[in-house]
Amino acid sequence: MEWTARYGRAIVRWRWAALLLPLVMTVGLAAGGRFLQPAGDYRIFFSEDNPQLEAFLSIQDTYTRIDNVLFAVEPQKGDVLEPSFLAAIEELTAAAWTLPHAIRVDSPTNFQHTRARDDDLEVADLIRDAESLSPARLDEIRRVATTEPALSRRLVAGDLGAVGVDVTLQPPGESLDEISNVSQAAHAIAEDLEARYPVRVELTGMVMLNDAFNTASLRDLSTQVPLMYLAIFVGLLVLVRSMVGAVGAMVVTVLSILSAMGTAGWFSMLITPPSAAAPTVIATLAVADSVHFLVSFFAARGNGMDRHRAVVESLRVNLQPIFLTSITTAIGFLSMNFSDTPPLRHLGNTAAFGVMMAFVFSVTLLPALMAIVPARGRGAAPGVVRVLDRFAGTIVRRRRVVLVLSSAFALVALAFLPRNSLRDDFVRYFDTSLEFRQAADFTNERLTGLYQLQYSVPSGTPGGVADPEFLATLDAFATWLRSQPEVRHVSAISDTFKRLNRSLHGDDPGQYLLPDRPDQAAQYLLLYELSLPYGLDLNNQLNVDKSATQVIATLNDMSSVELKAIAERGEAWLRENGGVAAPGVGPSIMFAHIADRTIGGMIFGTVLALIVISGLLVLALRSLRVGLLSLIPNLLPAGIAFGLWGFWVGEVNVGVSIVIGMTLGIVVDDTVHFLSKYLRARREHGASAEEAVRAAFRNVGVAILVTSAILIIGFGVLSFSVFAMNELMAKLTMLTIGMALVVDLTLLPALLVGFDAGRPKALNPPAADVAQPSNAAAEPA
């Protein structure tokens, strides 16, 4: 007697315990959900040993942090030099200081303009009392706004169509609501300004980026999960054709999600857009386990078995393949731990745990429920079964044609693999329906770029930034950067020295030059620093001992490949012309490198997962030959899907890079169920290869169709995510699952008949009472 039958009889006998214990366990696990909090920092996407993050944090520790809110303001009519508009900017500049944790505010109005006054240097706000400015003063402001490197194309648009007010913040990091508090305060200021002036205000910056990650996470959770439940429930009703069965599968799904997310809370995982996709992924996979049990259960009921015997029979034929598919799926998700992106690791771990909990519930609670509640179900539609049987007959008869056509299609699809190229763009992670994306696009189009490269250029000695030779190299570097087509604006301390030299030479335009003596440059710098008001010092450009300075290049919108290229060209220029090693860093370059690092880890993780899964299949199926044969339908779907993706889309990001590892376990599911039914027919009933293929189609064909449909529905819901990492991952996963369905129902049976037809039949039928529960278990509920 098979142990699976004994287990089924135990479930029927102790059905109430099997029903209630999982509920109690779920309550304990789900209690951890109260500790789940949204992540408030884009740095969560990078591991602690990420070299780009380490370089970025080093600059952050040396200079003022770049955590900021940028108010991009556009007048509804006229240009930005209208006195009424400038008055609005004055008010906004003052209000910006009230933002929580603000340490600096830069705007056109408080720009520290230098002018000669006899033998003195006057340093003052560029604009004061805007409403009373004379035409002559407005002309002077126009000249400064369009020519001063610190303003033009950074805080003032080149066409004078918009201005920016940039607020630097330094949150203490003591609570997770700091970012949301800043965001709310910034929106309140913007709304108040729009209510009192004819202006449009958009909010961007790193703080708003952090808040956008939270917004995307919560929006996906609030929209996708209800839609997913509805889609799956309707799909179950149509495909399983039983209200009790559909409700039971949904109970398994809900409990699996609660257990997994609660456990994530116990381990203090943060909610990010990728990890927010975990409920959708878990629900999709949990339903697949339930469907296999329910299809076999209702088939047994249709053959005249009472519900208790049907439960035992369904567990007998499905327990091992359900466990095998669950463990292989979990292994696939666990391979995501080799990703360099913590949120993807969180998604993988949460989904893996949820999948295993779904296995537990689908072989305890669900069969117990079906043993207790009278369930009327018609099972698979006879017409569908007949169609599948005819289809199986065609595959068997035309196996050579199927092998040739399948191979040809696979080769053509695989030929397009090289067309895939990496593009990671943190702004384009967000859907255009999100406020941050709209603000980012507006700012990029109307005011300034959103991507920045930061270089910390060392002089080699304390106070060395005032050395004329060093300043000449620095100025040449800034000039070189400005000549690059990707660069929109460059901020360098050399511009300040030239402006000071001009002002201290009677504002002579011909003296817009670097000082030629170290003592003179040092005096300029000291005089200027003493004249600066609170909050507008040079800490964002100079380190403490003035041995290094920061050069910031603001860039146009570009792909990650282009971004890495300009960063490397800048590093090479400094190395060759300045003899210094200064890597280009910043959030944009961090995101540009993330896919490269993730892909390397995921290749290793996928290979390791493939080895483990293949070993499990060989052991579970008790056939080295069939286990190795299963590698073809397990690997080919992802290759075909990526090839078709290269033909249709050709763009991959870090979310797409994990699809092979993630789907490896999912794709194995259908293969395992088909092979288990095939081998059972061969071993228990002595069927030929052709007969066993047709038996597998009859016994599991409908379940494979149902589970594949539900998987595609579930990931289809996820494809509507407002976060591109999830959206593209879901679309490619849907394509992979679709290809797996095609391969498992065409190529796999053709391979089995072609390579297994000559093998001897292994007749080893089960004991006659294997599906018979004990008398006690068979008694009516």
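For the structure, see preceding data.
Rules used in this analysis
One numbering rule holds for all chains: residues counted from 1, following each sequence as written. Where totals are concerned, whole chains, interfaces and linings use all residues; where local detail is concerned, this predicted model gives features only for residues with pLDDT of at least 70, and gives and counts side-chain atom pairs only at 80 or more. With hydrogens and water stripped out, all remaining heavy atoms of the structure feed into the side-chain values. Comment: elements are numbered from the N terminus, with helices defined as DSSP H or I runs of at least four residues and strands as E runs of at least two. Partly exposed describes any residue whose relative accessible area lies between the buried limit of under 20% and the exposed limit of over 50%, with all areas from a 1.4 Å probe on protein chains only and scaled to the type maximum. Whether two residues are in contact is decided by their heavy atoms: any pair within 4.5 Å suffices. Should DSSP find at least two bridges between two strands, the strands are taken to pair. Every angle, taken between N-to-C directions, lies between 0 and 180 degrees, and every axis is a line fitted to C-alpha atoms, over only the stretch in contact when it is a helix. Helix span, as expected, comes to 1.5 Å for every residue beyond the first. For this classification, under 35 degrees means roughly parallel, over 145 means roughly antiparallel, 65 to 115 means roughly perpendicular, and everything else is oblique. Three classes are used: nonpolar for Ala, Val, Leu, Ile, Met, Phe, Trp, Tyr, Cys and Pro, charged for Asp, Glu, Lys and Arg, and polar for all others, with Gly counted as polar. By convention the crossing between two helices is left-handed if the near helix lies anticlockwise of the far one by an angle smaller than a right angle, and right-handed if it lies clockwise.

**Concerning the side chain of aspartate 495**
Moving on, step 1. Relative to the helices and strands, aspartate 495 resides in helix H17 (residues 493-503).
Moving on, step 2. Take aspartate 495: its relative accessible area is 5%, and that puts it in the buried class.
Moving on, step 3. Excluding its chain neighbours within four sequence positions, the residues that come into contact with aspartate 495 are Pro149, Asp475, Arg482, Val490 and Tyr512.

**Thoughts on the sheet that holds strand E3 (residues 102-106)**
Moving on, step 1. Read across the sheet, four strands follow the order E3-E6-E2-E7 without closing on themselves; strand pairing throughout is antiparallel. Since the sheet does not close on itself, it has two edges, and those belong to E3 and strand E7 (199-204), each with one partner. Taking each pair of neighbouring strands and ignoring which way they run, the sheet shows an average axis angle of 20 degrees.
Moving on, step 2. The sheet contact formed by strand E2 (residues 68-75) and E7 spans six bridges and is antiparallel. Bridge assignment links glutamate 74 to a residue of E7, and that residue is arginine 200.
Moving on, step 3. In the packing of helix H6 (residues 178-196) onto the sheet, the strands contacted are E2, strand E6 (163-169) and E7, and the crossing angle to E7 comes to about 170 degrees.
Moving on, step 4. Each of E2 and E7 touches helix H15 (residues 435-446); the most contacted strand, E7, lies at about 110 degrees to it.

**Focus: the sheet that holds strand E11 (residues 487-491)**
Moving on, step 1. Pairing within the open sheet is antiparallel, and its three strands lie in the order E10-E12-E11. Each edge of the open sheet carries a strand with a single partner, namely strand E10 (451-458) and E11. Mean inter-strand twist for the sheet, computed between neighbouring axes without regard to direction, equals 20 degrees.
Moving on, step 2. Where E10 meets strand E12 (residues 548-555), eight bridges bridge the pair, whose relative direction is antiparallel. Note that in E12 the partner of glutamine 454 across the bridge is isoleucine 552.

**Considering helix H22 (residues 631-648)**
Moving on, step 1. With 18 residues, H22 extends 26 Å from end C-alpha to end C-alpha; this agrees with the ideal 26 Å at 1.5 Å per step.
Moving on, step 2. Burial of H22 is extensive: 13 of the 18 residues sit out of reach of the surface.

**Focus: the packing of helix H11 (residues 342-362) against helix H12 (residues 365-372)**
Moving on, step 1. At a closest axis distance of 4 Å, the pairing of H11 and H12 adopts a crossing angle of 25 degrees. Comparing their axes, H12 and H11 come out roughly parallel. Between H11 and H12, the residues in contact are Val360, Phe361 and Ser362 and Leu365, Leu366 and Pro367, respectively.
Moving on, step 2. The residue makeup of the contact of H11 with H12, split by class, is five nonpolar, one polar and no charged.

**Digging into the packing of helix H9 (residues 278-302) against helix H25 (residues 689-718)**
Moving on, step 1. Contact geometry for H9 and H25: axes closest at 9 Å, N-to-C directions at 165 degrees. In this view, H9 runs roughly antiparallel relative to H25, as classed from their interaxial angle. The handedness of the crossing between H9 and H25 is right-handed. Every residue of H25 that contacts H9 at Thr280, Val281, Thr284, Leu285, Val287, Ala288, Val291, His292 and Val295 is listed here: Val700, Ala703, Ile704, Val706, Thr707, Ile710, Leu711, Gly714, Phe715 and Leu718.

**Structural notes on the pairing of E2**
Moving on, step 1. E2 sits mainly inside the fold: eight of its eight residues count as buried.
Moving on, step 2. Here E2 runs beside E6; their pairing, made up of six bridges, is antiparallel. Bridging from a neighbouring strand, valine 69 pairs with valine 167 of E6.

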